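Structural overview
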Amino acid sequence: MKKSSLSQKMLDKPYLLWSVLFIIVPLVMVVFYAFTDKTGAFTFSNIAQIKNYFPTILLSVLYGLAATVICVIIGYPFAYALSKHSVNTQRTMVLLVMLPMWMNFLIRTYSLMTILGDSGVVNNLLNALGLKSVHMINTGGAVIFGMVYNFLPYMILPIYTVLSKLDNSLVEAAHDLGSGRATTFRRVILPLSLPGLLSGITMVFVPCVSTFYITQKLGGGQIVLIGDVIETQFQSANNYHLGAALSFVLMILIFVCLGVMNYFDDGTQDGGVVI
Amino acid sequence: MKKIIDLKNITVSYGDNTVLENLNLYINEKEFITLLGPSGCGKTTTLRAIAGFVKPDSGDIIFEGKRINDLPAHKRRVNTIFQRYALFSHLNVYENIAFGPQLQKKPKEEVRQIVADMLKLVNLKGFEKRPINSLSGGQQQRVAIARALANKPHILLLDEPLGALDLKLRKDMQRELKNIQQELGITFIYVTHDQEEALSMSDTVVVMDKGKIQQIGTPEDIYNEPVNAFVADFIGESNIVDAIMLEDYLVTFGGVKFKCFDKGFDKNEFVEAVVRPEDILIREPGTQASLTGKVTSVTFKGVHFEILVDVNGFIWMIQTTRDDIHVDDTIGMHIEPDAIHIMKRSEYSGEFGDYSSFSDEMDHISDASYNWEDENEEE
Amino acid sequence: MKKIIDLKNITVSYGDNTVLENLNLYINEKEFITLLGPSGCGKTTTLRAIAGFVKPDSGDIIFEGKRINDLPAHKRRVNTIFQRYALFSHLNVYENIAFGPQLQKKPKEEVRQIVADMLKLVNLKGFEKRPINSLSGGQQQRVAIARALANKPHILLLDEPLGALDLKLRKDMQRELKNIQQELGITFIYVTHDQEEALSMSDTVVVMDKGKIQQIGTPEDIYNEPVNAFVADFIGESNIVDAIMLEDYLVTFGGVKFKCFDKGFDKNEFVEAVVRPEDILIREPGTQASLTGKVTSVTFKGVHFEILVDVNGFIWMIQTTRDDIHVDDTIGMHIEPDAIHIMKRSEYSGEFGDYSSFSDEMDHISDASYNWEDENEEE
Amino acid sequence: YEDYFSDEQKAYYKSLGLQGTTVNVYNWGEYISDGGEGSMDVVREFEKLTGAKVNYTNFESNENMYSKLSGGGVSYDVITPSDYMVERLIDEDMLIPLDYSNIPNMKYMREDCLNLPFDPEQKYSVCFNTGYTVLMYNKKLVKEKPDSWKVLWDEQYKGKVLMFNNSRDAFAIAQKLLGQSLNTQNEQDWVDAAKLLAEQKDKVNPVYVMDEVFNLMESGEYAFATYYVGDYVLMNENNPDLGYAYPKEGVNAFYDAFCIPKCTQNKKGAEAFINFMQEPEVALANEEYIFYASANKAVQENEECSLYGNDAVYPDPAPKSEVFENLPQNILEFENNLWSSVKSGNLSVNSKKTERKIYIESGIVAGVVVIAVATYFVRKRKKDKEQDLGDLYEQN
Amino acid sequence: MKNKVSFASRLYMVLIFVFLYAPIAVMTVFSFNSGSSTYIMDGFSTSWWVEMFHDTAAMNALKNTVLLALVTMVVSTVLGVMASVGLFMQKNKLYKKTMMNVTNIPMMNPEIVTGISMMLLFVFVGTLVNVKEVLGFTTLLIAHVTFCLPYVILNVMPKLRQFDMNVYEAAVDLGCKPFKAFMKVVMPEIMNGIITGCIMSFTLSLDDFIISYFTNGPSFQTLPIYIFSLTKKRVKPDMFALSTLMFLVILVLLIFMNIAQARAEKKEAAK
Ligand SMILES: Nc1ncnc2c1ncn2[C@@H]1O[C@H](COP(=O)(O)OP(=O)(O)OP(=O)(O)O)[C@@H](O)[C@H]1O
Ligand SMILES: Nc1ncnc2c1ncn2[C@@H]1O[C@H](COP(=O)(O)OP(=O)(O)OP(=O)(O)O)[C@@H](O)[C@H]1O
Ligand SMILES: NCCCCNCCCN
Ligand SMILES: [Mg+2]
Ligand SMILES: [Mg+2]
């Protein structure tokens, strides 16, 4: 037990102040705007308007889910394969996975346009191989592709981290008790990597559901998700109150999703998501 | 007695580092055999070779008459209790224990029965739904035992299963394990670096050092007739003194001749004599005593006193229940012939057995300026 | 002898949990005093109160005659050696040892001299430039000792300083620490839960349990005349049996009357008798033996055999060097009057002393359905 | 670097005492000569002459600019709204009157660019450029020069149409096709236009863009685009396959003008900047770089100018055209909502279908989740019962 | 015993890497386009790289970005370390738990919501105190520090938890005053966490777009904002050149970070 002098007690207070001012109060502002109109009077009309955007919200969740599922499907095996390499290779590969993440995502998305365009790199390649061009840009598929591309590393890294820290003696114990490779994976490795998987899912799902740039660039305005609507309300439609109401709903939606997910991670291991 | 495991000329190396060198060892059915040795001597590696996690570079592993070098781990009828339990933390006690039986596709009712039996066996009735994290070290240890036994293995491998427990618990678990082994009649291959543990539990003790077997024998053999200074020193306290075998049954050390029960050495062969501290009897100097020295330290140990005696510069340790010996007393020491054990000289000669300086791990890292960076290399 | 530390009525609690309850203890100059007790009994807390890391809720801490309750830790002339060394891993050996002297703004030359002296003292000459990480456990332990001693404390507090070392090294370090204490003439307050360690090193042993002192005395007192079943059981193996004090010097248990050296009890008072396993002599049944029973287990322990004998359902433990006793033999037991120690009944009565079941930590967590979630709270 | 200005000009700007001040300029993208390809870096030149620092940022539509401005928290000194937006800003009292004594270059202004309907008293604005919206097409993909906006509804160009991503301009096209006024205040007119736009979305899946049009159209992947004429000329330079047409239904004619918003913190600097933009050298550089018809007489009359007589920028005869006017608040909101609906597909014929599809898919997903959760609980119950070993302990 | 990695899994990993790097490769290639298109490669030229350095707005934005990232790094590290230590020592569990949950909010909340909520606050405060131009360096800094703080705290906290409090006590025991003891022995031990937090703040700030998008003002543009406005216009290969350059800078930074980390791990492993 340390004697906590006054100065020690004060250490976390600047942060307390900061988080109240810049985390809590802004959220209160969102709620405030969501329930007021231009004159500042209390109203439910913004919330009522949200029903018009119900399909958009659902669509966003569907897109987010689709991208997340694809990320899991291609990211998990990758992370698993990665964790099997020697320590030094792993380090390099992790670096390679992280690198694109640090690259401005606007630009990466923009160059995807060059790749997916009707006369883009892919179609040029196809043509060179004597195949027919495929129309990809400005479709829902392109949007999901862009989401997967942008957020895949966020799926790989947490899973990899958990897998690489997994105590090998557990795997050996499973073999020892008579389980082959597949069963060991299903019954031991997979459940133990759940915390990583869950944080991967969070880290992919949240930005996918709320994205607006990817839809604009790769969806060509064909696909309108909740993020686009919110952005429009603030950046050109000039309806902050509706925007705030939509943001409020988005926030609640995501916290509910995370909460449910958290419930099923039975909390016996750390590394899981905490709201 | 039937051999259940036979290791023939096993060699295992990691890169340049030969961890096991031409190891030969057979284990009988229902035997409790203990591998004993200092850290890094290859005990775990031996177990892993039997369990199938390490493939020997050369040599054969014979299990119930069949060579199993190429049988994968999960097909061997051998189960392991790992040093740090290796319990599945995402499963509860029931699921951990049921893991093996479920894999064998046993009917649900049978699995339940097995789990219940195992929990009874390890004294954890009512713990079936507890998550692993909520158990104490000793309880986790028992679950690990139950899990391994639930598979009804022919051989149970135990890698320092009690290493993480504290003294009292450890003693209790030693008895419990021994009981389980006798009750179930399973072969136990037990690894420890605690000599007392080895002595009190095993039918056979295998003393290893540097990847080689130094001695195999019953606990009494090992304790009373160590083959070299390493074994003598590793198993209990011992006074090890340079001696000359004058003839059969006659040895000299400390300037005095002693009768002994050993023979078969060359005349005047340089040997080492081992005398256990509890076998030295204290006498009035002169009378029946053969050696005389001055007491340099007396320590109360509960059961007995531990007395260090300086005899011409060689420090002897004596264990006695007499409480009338004090520092600076001059005492005589008497050693009966059956208390003396003669060993041939070995690579270990001179390294152990004198209590004037204490042998500690500094002997291994004797050079203070040793290059620690090298050590770090292997990260 | 002068009191150097006097703890008067110290009470410490964390929330609702009273960790030390009205503790009274004084320590003399140059004394080697050991606090001994099971995990969680408050040993560390006592040390921390002396060092200044815990402020007692009530009571006084008197140091060399002055009340120091309010003196901050860094101003107390007391130094601590922590359980896991607590060395500064970013500094090398020299810098660790020089840490204290440098803080006192000692001139460079003097600091160098102190470090050199300390390294000599703990037998680590030439290690000054070694990074902490490159040292073995035993060497780190010595550096910790050197670091604490470099400050020339009046009192050295040692919190299970050897807890992390293995058996062999531990024994060596025990001797070394005792030597250092005697050489420097400093007061040592030593914490351990290893009874053998406590017995072999201390001038005075303080046995604690549940935040209270159970007994204070010399090692021999504590071993031979425990005040209650807890102390008897905690210090070494003991047979503790319910008995009735028939009159002074005469006690009955197991249906037999025994002479003893104890007196001052009521007539026919219900008491407990302690008999150490090594004090029970084996005799042919009938002859000189007072109790007769059947051997249920024989375990070789190196120095002696440990024999369990069932006498009408009560299991006695005997330690003997005789190697001719086997399971299922019927043997007689003889107990000399000086081997019997009578204790008044206490809260601990009935908890310990019978070897039929083993007391393990399950006694503490007796309820299998205990709520593990609470434990997890603290993340 | 070239020395563009006379000593007199230099002395004038230096004397303004703007050294150390900042001027926040908020302009359309691709709407100034920025030094690319050896052109004059107008902003840099201004900074050099005055010693002021210019924070030059872009918007992509009038609405975008208006949002940012009315949102607050920002301060701009010079903005370039178009006609109807100038009117709106004046109506909403968001501009401050200009002090023409600080803008001597008013003398260079084209007469037809003064006292325009949105600022009849010439109090708040200085016209920058004028132009028309134009229909662009890619000669490689479109055989015949189109003469009507109708082609933008032609299903054979599905996915090949680039459409305005701003409500007023987009509506204008539909409104012209419907023969409405661009400034109609009849809500039904707006609904009709919106329906037409929704029909377009169903038929050709247009890509809604603003300045992104440059890269996309130049890439040659798209058949049609709607944009502003100056920008067409610029694109045409990079891709000669592009052609243009002024559809017979008529187009929107626009005037972009410099204004100073209320939130300015450097009015003098702003006026200096506006004045500087009308320096003949600067106006010329701009016209040469962005290809919009300048409101500057000196440029229009300059025969050296490469745009002189360009028939896209200075069409003769002028196409049928109409200028936007500000609309009342209720119509604006109405329009805004319609536009959102168009874009999110709510109005399309397909919309019900699409919506149904979304609901069905969501339903399936929700079903899967519910089933998964239910299974989880059922299995947990079952496991819990299975793991009750009480009965077995009693036996034997 | 080495783990053998199968050919199929190697191939799979290569494919994923191709997927991850294709856009970056395309970008790099097109930055050397001699034409001005980002779609059609006309020939090789370094002219866009030269052009990039003449783009004063870009250079200015770059300067701003780095400045902002540096200040963010310092502020969030100092605040974050103080907060970690303070929270670590907190005895009030409820408060501690609440604060840790609050810390998670900016990480869990969609960035667009974070950005908007802060903009609403700033603009609101701006009108309250009647400041015309609130959005600018300060608001960006506040926003960036806010979303970086959790990362600093989540990197430092575990190090503190790992830290053996006895080591701190040993220093006090040897005569160190508490603050000095903290600086002398706690700091070096949690340094790894601090440095990781520091670097993460720097890179997160450097790269942030969405939150900056809502909280920036005309007087202070960061590179991502500038790039965004560029992608809204006609994109020329000089933007690709700029991005390639940034990619290289980050590559170097990451390699540096990785080496440092490898060293630290080695040291830890030696313990
Ligand atoms: N995977 C490995 N790679 C390289 N060397 C290894 C590996 N596993 C073990 N070794 C080395 O093999 C030697 C023997 O190791 P082993 O684990 O068998 O010792 P041990 O007797 O079990 O020791 P301990 O009592 O410390 O557990 C050691 O020197 C160790 O460093
Ligand atoms: N900081 C603390 N907060 C709350 N309870 C504490 C704290 N420190 C110790 N305790 C409790 O006080 C009791 C005594 O602890 P203490 O550390 O003194 O035991 P100990 O005798 O040193 O045990 P050990 O042998 O395990 O070191 C224990 O029950 C422990 O849980
Ligand atoms: N690239 C810049 C285009 C600016 C055109 N302004 C047009 C306004 C139409 N209402
Ligand atoms: Mg081992
Ligand atoms: Mg303790």
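A quick note: this is a predicted structure, and the numbers were derived from the prediction, not measured. (Residues numbered from 1 in each chain as written. Chains lettered and ligands numbered in written order. Predicted model: local features only at pLDDT ≥ 70, side-chain atom pairs only at ≥ 80, totals over all residues. Heavy atoms only, no water.)

1. Remarks on the side chain of lysine 301 of chain C
Its place among the elements puts lysine 301 of chain C in the loop between strand E16 (291–300) and strand E17 (305–311). Note on lysine 301 of chain C: relative accessible area 12%, which makes it buried. A distance of 3.4 Å separates a polar atom in the side chain of lysine 301 of chain C from a polar atom in the side chain of serine 200 of chain B. Among all residues touching lysine 301 of chain C, those that are not within four sequence positions of it are Gln174, Glu196, Leu199 and Ser200 of chain B together with Glu306 of chain C. (Helix = DSSP H or I, 4+ residues; strand = E, 2+ residues; numbered from the N terminus. Buried < 20%, exposed > 50% of the residue type's maximum accessible area, 1.4 Å probe, protein only. Polar contact = N/O pair within 3.5 Å; in protein donor to acceptor, adjacent residues only side chain to side chain. Contact = heavy atoms within 4.5 Å.)

2. Quick look at empty space enclosed by the protein
Under the definition given, this model contains 11 cavities of 30 Å³ or more. When its volume is computed, the largest cavity comes out at roughly 160 Å³. Contributing to the lining of the largest cavity are 18 residues, with Trp28, Ser82, Tyr228, Phe254 and Asp256 of chain D lying nearest its centre. At the level of secondary structure, the elements contributing two or more residues to the lining of the largest cavity comprise helix H4 (83–91), strand E7 (224–228) and strand E9 (251–259) of chain D. Here the lining of the largest cavity takes 3 residues from E9 of chain D, the largest share from any one element. Grouping the constituent residues of the lining of the largest cavity by class yields 8 nonpolar, 5 polar and 5 charged. By volume, the second largest cavity is sized at about 80 Å³. What lines the second largest cavity is Phe234, Gln235 and Tyr240 of chain A, Lys68, Gly71, Gly72 and Val74 of chain D together with Met119, Val123 and Leu135 of chain E. Breaking the lining of the second largest cavity down by element, the ones donating at least two residues are helix H13 (226–235) of chain A, helix H3 (62–71) of chain D together with helix H5 (111–128) of chain E. Broken down by class, the residue content of the lining of the second largest cavity amounts to 6 nonpolar, 3 polar and 1 charged. (1 Å grid on protein atoms, 1.4 Å probe; cavity = no way out; pocket = protein on both sides within 12 Å on 5 of 7 lines; lining within 4 Å. Points joined across faces, edges and corners; volume = space filled by probe spheres on them. Nonpolar A, V, L, I, M, F, W, Y, C, P; charged D, E, K, R; others polar.)

3. Focus on the UniProt feature "transmembrane region" (unreviewed entry) in chain E
Residue and element names in this part refer to chain E. According to UniProt, the feature "transmembrane region" (unreviewed entry) maps to residues 12–32, 66–89, 110–129, 135–154, 190–214 and 239–260 in the numbering used here. Each end of residues 66–89 is marked by a C-alpha atom, and these two atoms are 34 Å apart; helix forms 100% of the span and strand 0%. Taken end to end, residues 239–260 comprises 100% helix and 0% strand; its first and last C-alpha atoms sit 31 Å apart. (UniProt positions renumbered as here; feature names shortened; annotations may be inferred.)

4. Things to note about the site of ligand 1
All names here are of chain B. Taken together, Tyr14, Asn17, Val19, Ser39, Gly40, Cys41, Gly42, Lys43, Thr44, Thr45, Glu160 and His193 make up all the residues around ligand 1. Taking glycine 42, its main chain carries an N or O atom lying 3.0 Å from an oxygen atom of ligand 1. Threonine 45 places a side-chain nitrogen or oxygen 2.5 Å from an oxygen atom of ligand 1. When ligand 1 is considered free in solution it has 640 Å² of accessible area, and contact with the protein chains removes 61% of it. Only strand E2 (17–28) and helix H1 (43–51) provide two or more residues apiece to the shell around ligand 1. By residue number, the principal contributor to the shell around ligand 1 is H1, which donates 3 residues. (Near = heavy atom within 4 Å. Areas by Shrake-Rupley, 256 points an atom, 1.4 Å probe, with all protein chains shown as cover.)

5. Points about the site of ligand 3
Residue and element names in this part refer to chain D. Not every one of the 13 residues close to ligand 3 is listed here, only the nearest: Gly29, Ser82, Asp231, Asp256 and Tyr292. Glycine 29 places a polar main-chain atom, nitrogen or oxygen, 2.9 Å from a nitrogen atom of ligand 3. Measuring from a nitrogen atom of ligand 3, one finds a side-chain N or O atom of aspartate 256 at 2.8 Å. Here ligand 3 is seated within the largest cavity. Considered class by class, the residues forming the shell around ligand 3 number 5 nonpolar, 3 polar and 5 charged. (Sits in = over half its atoms within 2 Å of the grid points.)

6. Observations concerning H13 of chain A
With 9 of its 10 residues buried, H13 of chain A lies for the most part within the structure. What H13 of chain A keeps buried is the set Ile226, Gly227, Asp228, Val229, Ile230, Glu231, Gln233, Phe234 and Gln235 of chain A.

7. Some points on the UniProt feature "domain: ABC transmembrane type-1" (unreviewed entry) in chain E
Residues annotated in UniProt with the feature "domain: ABC transmembrane type-1" (unreviewed entry) correspond here to residues 62–257 of chain E. Taken end to end, residues 62–257 of chain E is 83% helix and 0% strand, and its two terminal C-alpha atoms sit 21 Å from one another.

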